[in-house]
Every structure is written in C-alpha cells, then in structure tokens.
Amino acid sequence: MIDIRWLFVALVVAFLIVPGVMVNLYVYYLLTPEARRMILTKRVELHPDGALTIHYCDETQPLPSEHIPASLIHHWNYGSRHATAFLSTRPVSFLVIPYDDVLQKESQRQDDI
C-alpha cells in the first residue's frame, strides 16, 4: 500500500515549488533587455560583413534599432523556416530569425521580380 503522505509531498512539489522555480526562470531570462530580440516583432538586415541590424516594429512606441557585430556571432544553424544565430552573450545566447523577417535590398527584390 502507498503511504498517502508521499502523495501530499508530490502535490506540494507540483503546486508550490515548481511555480516558484518557473517565476525565477522567467525573471532571469525573459525580463532581460536581450529577450526583446525574441518576443518583439522585428525585421532583420544582414550585412555583407556578417553583422546583423535588428529593426523593431513596435506600433505603440518607437524602439531603437540594434546592431550586432559579426564578432558576437559564434556560429549559424540553418533550418527549413528559420536560421539561428548563436551569440557569445549571456543570458540569452541565441537569436532565431524566421526567413520572413529578413530584409532584402531593393536590388535583390528587383532581381526576384
């Protein structure tokens, strides 16, 4: 027979301890300035030297663009719908860029038409 006290211990862990850990992770990762790279609507401009410029598209307030030099990009991982840039910054050390968010130069757009 299972001791019912272990069921209470499991419930305490599930409903008191786990949410506390989740709140700490939220505060540590998602409330950093680097986290806005992930959650805000953006357009990304790729430069020939390997650098990135992120233009944020917030309608309520203007946000400054962010320039990430090529020296901060550790390596790239390419998927079918997005590219991931792994950065040498902490706590957020990667940037997922959907291919739809990449700005093209006007000359490249004319070639595609």
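Up top is the structure these notes are about.
In short, a report on the structure. Since the structure is predicted, the reported quantities are computational estimates derived from the model, not experimental observations. (Residues numbered from 1 in each chain as written. Predicted model: local features only at pLDDT ≥ 70, side-chain atom pairs only at ≥ 80, totals over all residues. Heavy atoms only, no water.)

**Examining the overall build of the chain**
In step 1: Looking only at helices and strands, the chain has three helices and seven strands in total.
In step 2: Along the chain, helices (α) and strands (β) appear in the sequence α-α-β-β-β-β-β-β-β-α when read from the amino end.
In step 3: Here the C-alpha radius of gyration of the chain, 21 Å, is well above what a compact globule of 113 residues would show, namely 13 Å.
In step 4: Principal-axis analysis of the C-alpha atoms gives the chain an extent of 75 × 35 × 30 Å.
In step 5: Burial status across the chain gives 21% buried among its 113 residues.
In step 6: Excluding contacts between residues fewer than 6 apart, the proportion of contacts in the chain whose partners are at least 24 apart in sequence is 31%.
In step 7: Roughly 8600 Å² of accessible area belongs to the chain as shown, and the carbon and sulfur atoms make up 63% of that amount.
In step 8: Taken as two groups, the 9 positive and 12 negative side-chain charges of the chain have centres that lie 7 Å from each other. (Helix = DSSP H or I, 4+ residues; strand = E, 2+ residues; numbered from the N terminus. Rg over C-alpha atoms; globule rule 2.2 N^0.38 Å. Buried < 20%, exposed > 50% of the residue type's maximum accessible area, 1.4 Å probe, protein only. Contact = heavy atoms within 4.5 Å. Areas by Shrake-Rupley, 256 points an atom, 1.4 Å probe, with all protein chains shown as cover. Lys, Arg positive; Asp, Glu negative; His and termini not counted. Charge placed at Lys NZ, Arg CZ, Asp CG, Glu CD.)

**Focus on the pairing of strand S1 (residues 42-46)**
In step 1: Summarising the sheet, S1 and strand S2 (residues 52-56) pair through five bridges and their orientation is antiparallel. From the neighbouring strand, Arg 43 faces S2, where its bridge partner is His 55.
In step 2: The hairpin formed by S1 and S2 contains five residues between the paired strands, and Gly 50 there has a positive phi angle of roughly 95°. (Pairing = 2+ DSSP bridges.)

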